[in-house]
Amino acid sequence: MEEEEEEARALLASGPDEAGSHGPDARGALPALCDPSRLAHRCVVLLLMCFLGFAIFATIILLPFRLRLNRWGTIIFSCFICIGQVIFALGGIFNAFWLMEFGRFVFGIGGESLAVAQNTYAVSWFKGKELNLVFGLQLSMARIGSTVNMNLMGWLYSKIEASLGSAGHTTLGVTLMIGAITCILSLICALALAYLDQRAERILHKEQGKTGEVIKLTDVKDFSLPLWLIFIICVCYYVAVFPFIGLGKVFFTEKFGFSSQAASAINSVVYVISAPMSPIFGLLVDKTGKNIIWVLCAVVTTLASHMLLAFTLWNPWIAMCLLGISYSLLACALWPMVAYIVPEHQLGTAYGFMQSIQNLGLAIISIIAGMILDTRGYLFLEVFFIACVSLSLLAVVLLYLVNRAQGGNLNYSARQREEIKVSHSE
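A quick note: this is a predicted structure, and the numbers were derived from the prediction, not measured. (Residues numbered from 1 in each chain as written. Predicted model: local features only at pLDDT ≥ 70, side-chain atom pairs only at ≥ 80, totals over all residues. Heavy atoms only, no water.)

### Structural notes on helix 11 (residues 260-267)
Turning to step 1, where the next piece is worked out: Those residues of helix 11 lying buried are Ala263, Ile266 and Asn267. Taken down its axis, helix 11 places every buried residue within 100° of arc, on the same side.
Turning to step 2, where the next piece is worked out: Where helix 11 is buried, its residues touch helix 10 (242-256), helix 12 (269-288) and helix 14 (316-334). (Buried < 20%, exposed > 50% of the residue type's maximum accessible area, 1.4 Å probe, protein only. Helix = DSSP H or I, 4+ residues; strand = E, 2+ residues; numbered from the N terminus. Arc of directions from axis to C-beta. Contact = heavy atoms within 4.5 Å.)

### A word on the side chain of Ser392
Turning to step 1, where the next piece is worked out: Within the secondary structure layout, Ser392 lies in helix 17 (residues 378-406).
Turning to step 2, where the next piece is worked out: Residue classification places Ser392 among the buried residues on the basis of a relative accessible area of 0%.
Turning to step 3, where the next piece is worked out: Apart from residues no more than four positions distant in its own chain, Ser392 is found in contact with Ile233, Cys236, Tyr237 and Val299.

### Details of the confidence of the model for the protein
Turning to step 1, where the next piece is worked out: For the protein, mean pLDDT is 78; residues scoring 70 or higher make up 79% of the total.
Turning to step 2, where the next piece is worked out: Considering each helix and strand of the protein separately, the mean pLDDT is smallest for helix 2 (residues 16-21), with a value of 41, and largest for helix 13 (residues 291-311), with 96.
Turning to step 3, where the next piece is worked out: Taken together, the stretch residues 208-213 has pLDDT below 50 and engages in 21 contacts with residues farther than four places along the chain or on a different chain. (pLDDT = per-residue confidence, 0-100.)

### Focus: helix 10
Turning to step 1, where the next piece is worked out: The end-to-end C-alpha distance of helix 10 is 20 Å, a good match for the 21 Å that 15 residues give at a rise of 1.5 Å each.
Turning to step 2, where the next piece is worked out: Of all bends in helix 10, the biggest is about 55°, found at Gly248.
Turning to step 3, where the next piece is worked out: Those residues of helix 10 that sit buried are Pro243, Phe244, Ile245, Gly248, Phe251, Phe252 and Phe256.
Turning to step 4, where the next piece is worked out: Looking one or two residues past helix 10, Gly257 carries a phi angle of roughly 70°, positive in sign. (Expected span 1.5 Å × (residues − 1). Bend = angle between axes of the 7 residues up to and from the residue.)

### Observations regarding the nonpolar core
Turning to step 1, where the next piece is worked out: The biggest cluster of nonpolar side chains holds 98 residues, and the ones touching the most others in it are Phe252, Val295, Met320, Leu334, Trp335, Val338 and Tyr351.
Turning to step 2, where the next piece is worked out: At 11 residues, the largest contribution of residues to this core is made by helix 17.
Turning to step 3, where the next piece is worked out: Contacts of Tyr351, omitting those with residues within four sequence positions, involve Val116, Asn119, Val123, Phe135, Trp335, Pro336, Val338 and Ala339. (Core = buried A, V, L, I, M, F, W, Y, C linked by side-chain atoms within 4.5 Å.)

### Overview of the packing of helix 13 against helix 17
Two numbers describe a pair of packed helices, the interaxial angle and the distance between the axes.
Turning to step 1, where the next piece is worked out: Their axes nearest at 9 Å, the elements helix 13 and helix 17 cross at an angle of 165°. Viewed along their axes, helix 13 and helix 17 adopt a mutual orientation that is roughly antiparallel. The chirality of how helix 13 crosses helix 17 is left-handed.
Turning to step 2, where the next piece is worked out: For the contact of helix 13 with helix 17, the residue count by class is 20 nonpolar, five polar and one charged. (Axes fitted to C-alpha atoms, helices over the stretch in contact; angles between N-to-C directions. Parallel < 35°, antiparallel > 145°, perpendicular 65-115°, else oblique. Left-handed = near helix turned anticlockwise from the far one by under 90°. Nonpolar A, V, L, I, M, F, W, Y, C, P; charged D, E, K, R; others polar.)

### Quick notes on the packing of helix 10 against helix 14
Turning to step 1, where the next piece is worked out: Two numbers describe how helix 10 lies on helix 14: the axes approach to 12 Å, and their chain directions differ by 170°. As summarised for this structure, helix 10 and helix 14 are arranged roughly antiparallel, according to the angle between their axes. Where helix 10 approaches helix 14, its residues Phe242, Phe244, Phe252 and Phe256 are matched on the opposing element by Pro316, Met320, Leu323 and Tyr327.
Turning to step 2, where the next piece is worked out: Classifying every residue of the contact of helix 10 with helix 14 by side-chain character gives eight nonpolar, no polar and no charged.

### Quick look at the packing of aromatic side chains
Turning to step 1, where the next piece is worked out: All told, the structure shown has 20 aromatic pairs when counted by the stated rule.
Turning to step 2, where the next piece is worked out: Here the aromatic rings of Trp228 and Phe231 are separated by 5.5 Å at their centres, their planes lie at 85°, and the arrangement is edge-to-face. Residue Trp228 and its partner Phe231 are located together in helix 9 (residues 225-238), separated by three residues, close to a single helical turn.
Turning to step 3, where the next piece is worked out: You can call Trp228 partly exposed: its relative accessible area is 33%.
Turning to step 4, where the next piece is worked out: Taking the relative accessible area as the measure of exposure, Phe231 reaches 1% and is therefore buried.
Turning to step 5, where the next piece is worked out: Ring-pair connections join several aromatic residues into one group, and the members of that group are Phe244, Phe251, Phe252, Phe256, Phe258, Tyr378, Phe384 and Phe385.
Turning to step 6, where the next piece is worked out: When the ring centre of Phe107 is taken as origin, the NZ or CZ atom of Arg104, which lies over that ring, is 4.8 Å away. (Phe/Tyr/Trp six-rings, centres within 6.5 Å; stacked < 30°, edge-to-face > 60°. Lys NZ or Arg CZ within 6 Å of the ring centre and 35° of its normal.)

Listed below in C-alpha cells is the structure:
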C-alpha cells in the first residue's frame, strides 16, 4: 500500500488539480515506462493487448453477460480459451470427436468475448490518441498468429509423428496440446493488463464504469442509425472475404490451374499482406482522419478485386494483393468509428453486438456459399460475393450522407478532431 500511495503522490502531487496544471513536473518522479499517462507505458499496454489476441483466430460465439470486460471478464474469457484448447487436445489424444467439439465450444465462449474486451481496452487507453494505429496493430498481430499457425502446426505434427513413430489421433492431440502454449500466453497477458489497468485507474483517478466495460443488451435500443450502418458494412464486407478465403484454394486450382502449393500460397497472401500493412494504414488514418472516405476506398477496392477474379483471367495475384490491402485498410478505419459515435458506457455492448452479428453473418453466409458452390459453381459464387460487397458499398454511401446531414464527426480530419479535443479540455 505504501508503494501505491507513493506512486499516486508522484503523479498527482497534492491532488488531481495540481496534476492537471503541472503535468510534466508532477509526473517526472516516475519513469516513462511506469507512468500510465506517458506513451512508453501505453506501448507496453499495447504490446500486451496484441499478444492477448495472438492465440485467437477461429472462434464462434459471444456471451452477452453483464461482465466488466476490462478486468475480470478478460481473465475469465482467457481461462475459457485455455480450458477449451486443452479439452480439444484431449479429444484428439483419446480419439473422442465429441470431446473435441465440446472443446471448441468452450474455446468459442471465450474467444469472441475476449476480442470485445481487447477492443474495449484499446478505446480505454488510446481514444483520442493513436486509436486507428492500435486497431491496425491488433489486426496485424492476429494475422501473424494465423500465419504462424498455418505454417508451424503442420511442421510440428510431422516432427511429433517422427518422434512417436506413428501418425493418427494421438499425434494430433499432442500437437494441439503444444499449441495450447499460446493460449497460456494470452492468459498471462490478460493478468498483466488487469493489473496495469487497475493501477492506471488508481493513479490517474479514472472513474469506474466510464470505459464501456459492461455489456448491457438493453443498450441496443439506443444505437443510432450511423452505428447500424457500420454494422451492415461490417457484416456485408467480411462475409465476402473470410468465406472466399475458406473456399479459395480449390477456386485457384480449378480456374487458373495452380498446383495445390501455389493455390495455398496465393490464398494466404491476404493475411501475409495484412500483417505489415495494417499498422501502416492505422497510422495513415490517425494522421489524416476521414474514416468514411478510407472505408469507401477499401470497399471499392474489394469490389474491384472480386470482379477481377470473377470475370477476367488476369493473374489472380493482382486481385488477391488488392484484397489484402483493402482488407487491412477497412479494419483500421471501420472499427475505431464505433468509439466516435457511441457513449463510453455503451462501448462494450456496441463492440460485442458488432462481433456477434459479424459471426452470425459469417455462419449463415458460409453455409449459403457452400450451397451455391455445390449447385452453381464458382462464377455464381463470385457474383454472390460481389452482391455482398455492393451492399456494403451502399451502406458506406448512406453512412456518409447520414453523417453529413447530422453533422457527425465520423469523417472529420485529424486536425478537426484535435481542435474539438482541445476545445472540450478547455
